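Survey of secondary and tertiary structure
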Amino acid sequence: MKPMNERLVHMPRSGIREIMDVVEAMSADVTRLEVGQPHFPTPDHITRAAFDAAQNGFTRYTPNHGLAEVRASIATKISHDYPALEPTADNLVLTVGGVYALALVVIAFVRPGHRIMIPDPGWPNYTLQAITANATPLYYPLHQENRFRPDIAELERLVTSDTDLLVVNSPSNPTGTVLNVDDLEALLRFAHDHDLRVVSDEVYDKVVYEGEHVPLASLDTEGRVITVNSFSKTYSMTGWRLGYLLADPRTCQELTKLSEALISCPSSVSQKAAEAAITGPQDSVADMVDYYRGNRDLAVRTLADGGARFVTPHGSFYVFIDIDGTGLDSSRFARALLEAERVAVAPGRTFGPSGSSFIRASFCTSRHEVERGVAGIVRFLTSLRSHPDRRPARGVDHRS
Ligand code: PLP
């Protein structure tokens, strides 16, 4: 038999999913800080709208790019939240979560064998998508000393003539960094100078504790930026699998063709749920973000009191914790922490080559879990630093 495509065979798995699988095979009583799964149920009025839609016959295929009335509602909400952007329904393609919107952009704009600039550390799926599209990831480092902000001089050193796409993610997963206008303008100038398309992953735009979220597209005078967003995090709708991308109408038309090839259309009832989310009361969003802020404050206080090194996240719901000096790389640390404290975190290496000496803890779960989990991390870090002999044998991260 002919073999499977080599690219797939050699593609690594997301380290977040790997640790989730380990946890799920364990008995209960694990504190789960490994995944960005909001603790709240989807607000009631959203679930009810989907239920009503299903009962009223919204159970059929929809247009490839989504229902016109849902795209129009999203366009109105974007204009309200970010007056510098004034999209219409023609600027939107509805997608199966933000992840599929990103995949569409990567497939459409990165030519086979060409490069895609990915933040390091950055969400692992960017790398997986680059591999899927037969492209080469080109990581641009974000340094802890620089609060994980991009240094344009470094990007300049790395960029090549066959680089097609630049990925920007603010607020960031995994670092919680929120880029300011200066950072964003510098990235846009860089993209202009090298004629790069830019995809701006803004799925955490509403989860900001300090500063404000500035949509990259609001600074873009050239139509370079394609924005990706999602209902998953803002409305606690991860399982509904609905997101969207915002681009010029021509790009939307081309990506709509691609959607027919890959998914035909997103789920009809999820689109109706998203419409209710966008047009309905927004207080649950503010309430959830307030709760995450309380979790963040608790997590950073506990980490700081325990002598851990980290940068306080200003957005999203993750803290990227430095484990350098423990003698363990991130995968071994995550496994050993799970064993010693029954606390699950994501190994930093899955977020890129620079992540080997970090772990990522998510704080969108319950206050109690955050309290218990972060205390366990601090205890474990302290025990490794004060008793180096207790370190498990040194290992190598699962991705090289
Ligand atoms: N982008 C980032 C940075 C994320 O962290 C995630 C999910 O964790 C996504 C995109 C995609 O989320 P979804 O596909 O659920 O919309």
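Computed from a predicted structure; not experimentally measured.

Time to look at the overall build of the chain. Counting secondary structure elements, the chain contains 13 helices and 13 strands. Its C-alpha radius of gyration of 21 Å places the chain within 12% of the 21 Å reference for a compact globule of 400 residues. Oriented by its inertia axes, the alpha-carbon framework of the chain measures out at about 60 × 55 × 50 Å. Across the chain, every contact between residues at least 6 apart in sequence was considered, and the portion connecting residues at least 24 apart equals 76%. Accessible surface for the chain amounts to roughly 16900 Å². Of this, 52% is attributable to carbon and sulfur atoms. If you average the places of the 40 positive and of the 49 negative side-chain charges in the chain, the two averages end up 5 Å apart.

Empty space among the atoms becomes visible once a probe the size of a water molecule is rolled across them. One number sums up the size of the largest pocket: a volume of about 650 Å³. Taken together, 29 residues make up the lining of the largest pocket; nearest its centre are Arg17, Trp123, Asn125, Lys233 and Arg241. Residue assignment for the lining of the largest pocket shows that the elements contributing at least two residues are α2 (15–25), α5 (97–109) and α6 (125–132). It is α5 that contributes the most residues to the lining of the largest pocket, four residues altogether. A breakdown of the residues in the lining of the largest pocket according to their chemical character gives twelve nonpolar, eleven polar and six charged. The space that makes up the second largest pocket amounts to roughly 200 Å³. Lining the second largest pocket are Leu85, Glu86, Pro87, Asn91, Ala217, Asp220, Gly223, Val225, Leu246, Ala247 and Asp248. Classifying every residue of the lining of the second largest pocket by side-chain character gives six nonpolar, two polar and three charged.

The next point concerns the domain arrangement of the chain. Under the domain assignment, the chain is made up of domain 1 (6–41 + 284–385) and domain 2 (49–279). Once you take the C-alpha centre of each, domain 1 and domain 2 turn out to be 24 Å apart. On the side of domain 2, 33 residues touch domain 1, which itself brings 38 residues to the contact. Together domain 1 and domain 2 conceal approximately 3100 Å² of surface at their shared face, both sides included; 58% is due to carbon and sulfur atoms. Sorting the residues of domain 1 by area buried against domain 2 places Arg7, Val311 and His314 first, and these three jointly supply 21% of that buried surface. Taken together, domain 1 and domain 2 are joined by one salt bridge. For Arg296, the salt bridge goes to Glu210, with nearest N and O atoms at 2.8 Å. Applying the counting rule to domain 1 against domain 2 returns 19 residue pairs in polar contact (both at pLDDT 80 or more).

The next thing to look at is the site of the ligand. Near the ligand you find 14 residues, and of these Gly98, Asp201, Tyr204, Ser230 and Ser232 are the closest. One of the side-chain N or O atoms of Ser232 is found 2.6 Å from an oxygen atom in the ligand. Interatomic distance of 2.9 Å between a side-chain N/O atom of Lys233 and an oxygen atom of the ligand. In the complex, the protein chains occlude 93% of the 400 Å² of accessible area that the ligand would expose alone. With respect to the pocket detection grid, the ligand is positioned in the largest pocket.

Tallying each qualifying case throughout the model produces 15 aromatic pairs. A centroid spacing of 5.1 Å and a plane angle of 75° characterise the contact between Phe333 and Phe380, whose relative ring orientation is edge-to-face. Placement of the pair is Phe333 in helix α12 (residues 330–341) and Phe380 in helix α13 (residues 367–386), with a sequence separation of 47 residues. Assigned by exposure class, Phe333 and Phe380 land together as buried. Through a chain of ring-to-ring contacts, the aromatic side chains of Phe40, Tyr204, Tyr291, Tyr292, Phe317 and Tyr318 assemble into a single cluster. Positioned above the aromatic ring of Phe58 is the side chain of Lys272, whose terminal nitrogen or guanidinium carbon lies 4.6 Å from the ring centre. Above the face of the Tyr291 ring, Arg367 is positioned so that its terminal group lies 4.5 Å from the ring centre.

This brings us to a nonpolar patch on the surface. The grouping of Met4, Leu8 and Val9 at the surface amounts to a nonpolar patch, some 310 Å² of accessible area in total. Here Met4 falls in the exposed class, since its relative accessible area comes to 57%.

The rules behind these values
- In every chain, residue numbers begin from 1 and rise along the written sequence.
- For this predicted model, a pLDDT threshold of at least 70 governs which residues receive local features, and a threshold of 80 or more governs which side-chain atom pairs are given and counted, while totals over whole chains, interfaces and linings are taken from all residues.
- As a convention, hydrogens and water are excluded, and side-chain values are obtained from all of the structure's heavy atoms.
- Comment: elements are numbered from the N terminus, with helices defined as DSSP H or I runs of at least four residues and strands as E runs of at least two.
- Computation of the radius of gyration draws on C-alpha atoms, with the globule rule given as 2.2 Å multiplied by the number of residues to the power 0.38.
- Should any heavy atoms of two residues lie within 4.5 Å, those residues are counted as being in contact.
- Note on areas: Shrake-Rupley, 1.4 Å probe, and residue coverage restricted to the protein chains presented here.
- Under the counting rule used here, the positive set is Lys and Arg, the negative set is Asp and Glu, and His together with the chain ends is not counted.
- Lys charges are placed at NZ, Arg charges at CZ, Asp charges at CG and Glu charges at CD.
- Within this scheme a cavity is a closed region of a 1 Å grid, computed over the protein atoms alone, that accommodates a 1.4 Å probe without allowing it to escape, whereas a pocket is open but has protein on both sides within 12 Å along at least five of seven lines; lining residues each have an atom within 4 Å of a point.
- Grid points are joined across faces, edges and corners, and a volume is the space filled by probe spheres set on the points.
- In this classification, Asp, Glu, Lys and Arg are treated as charged, Ala, Val, Leu, Ile, Met, Phe, Trp, Tyr, Cys and Pro as nonpolar, and every other residue, Gly included, as polar.
- Where each domain starts and ends comes from a domain assignment, either automatic or drawn from a database.
- A simple way to read buried area is as the amount of 1.4 Å-probe accessible surface that goes missing from two parts once joined, with both sides added.
- Any Lys or Arg side-chain nitrogen located within 4 Å of an Asp or Glu carboxyl oxygen qualifies as a salt bridge.
- Polar contact is the term for a pair of N or O atoms within 3.5 Å; when the atoms are in protein, one must be able to donate a hydrogen and the other to accept it, and sequence-neighboring residues count only if both atoms are side-chain atoms.
- Whether a residue is near a molecule or strand depends on its heavy atoms: it is near if one of them lies within 4 Å of it.
- Think of it this way: a molecule belongs to a cavity or pocket when more than half its atoms come within 2 Å of the grid points there.
- For Phe, Tyr and Trp, rings pair up if their centres lie within 6.5 Å, where Trp contributes its six-membered ring, and each pair is then called stacked (planes under 30 degrees apart), edge-to-face (over 60) or tilted (otherwise).
- Partly exposed residues are those whose accessible area sits between 20% and 50% of the maximum for their type, while under 20% is buried and over 50% is exposed, using a 1.4 Å probe and protein chains only.
- In this scheme, Lys NZ or Arg CZ marks a charge over a ring once it lies within 6 Å of the ring centre and within 35 degrees of the ring normal.
- Patch definition: residues with relative accessible area over 30% and no salt bridge; like charges joined within 9 Å; nonpolar side chains (Val, Leu, Ile, Met, Phe, Trp, Tyr) joined within 5 Å.

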